Amino acid sequence: MPEYEFVDVHVPRGVSRKEATRLLTDHAEYGHWELYRLSLMRDGSRRVRLRRRIIRQVRATW
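Predicted, not measured: the structure shown is a model, and the values here were computed from it.

A. Region of the structure containing the environment of Val-11. For Val-11, the position within the fold is in strand 1 (residues 3-11). Taking relative accessible area as the criterion, Val-11 reaches 2% and is therefore assigned buried. Separated by 36 residues in sequence, Val-11 and Arg-47 have C-alpha atoms that sit 6.3 Å apart. Residues within four places of Val-11 in sequence aside, it is in contact with Ala-20, Leu-23, Ser-45, Arg-46 and Val-48.

B. Structural view of the side chain of Ser-39. Examined against the element boundaries, Ser-39 turns out to sit in strand 2 (residues 34-40). Residue Ser-39 is classed as buried on the basis of its relative accessible area of 17%. Among residues more than four places away in sequence, those in contact with Ser-39 are Ser-45, Arg-46 and Arg-47.

C. The arrangement of the nonpolar core in detail. Membership of the largest hydrophobic core is limited to six residues, which are Val-9, Val-11, Ala-20, Trp-33, Val-48 and Leu-50. Put simply, the parts of the chain that give this core at least two residues each are strand 1 and strand 3 (46-54). What Ala-20 contacts, discounting residues up to four positions off in sequence, is Val-11, Val-15 and Arg-46.

D. Focus on the pairing of strand 2. Relative to strand 3, strand 2 runs antiparallel, the two being bridged by six bridges. Along strand 3, the bridge assignment pairs Arg-37 with Arg-49. From the end of strand 2 to the start of strand 3, which pair antiparallel, there are five residues, and Gly-44 there has a positive phi angle of about 100°.

E. Inspection of the sheet that holds strand 1 at higher detail. Overall, antiparallel pairing links the three strands, which are arranged 1-3-2 in an open sheet. Among the strands making up the open sheet, the edge pair consists of strand 1 and strand 2. Neighbour-to-neighbour, the strand axes of this sheet turn through a mean angle of 20°, independent of strand direction. With respect to the sheet, helix 1 (residues 17-31) is in contact with strand 1 and strand 3, its orientation differing from that of strand 3 by roughly 15°.

Reading the values: rules and limits
Residues numbered from 1 in each chain as written. Predicted model: local features only at pLDDT ≥ 70, side-chain atom pairs only at ≥ 80, totals over all residues. Heavy atoms only, no water. Helix = DSSP H or I, 4+ residues; strand = E, 2+ residues; numbered from the N terminus. Buried < 20%, exposed > 50% of the residue type's maximum accessible area, 1.4 Å probe, protein only. Contact = heavy atoms within 4.5 Å. Core = buried A, V, L, I, M, F, W, Y, C linked by side-chain atoms within 4.5 Å. Pairing = 2+ DSSP bridges. Axes fitted to C-alpha atoms, helices over the stretch in contact; angles between N-to-C directions.

In short, shape yes, function no, at least from these values alone.
Pasting the structure below:
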């Protein structure tokens, strides 16, 4: 089963949808994150949870 690491990103209420999309796209492209969950809060802010797979190196034995 794959292992993942998570990061939470808070997007304030005044940020437009276009700016939020650009922010998340930058995370995806440069940090290899993918969208896991998006929550829209009552005050209009967004809480975004991103995840990326942890790749473990297997030590070679000779």
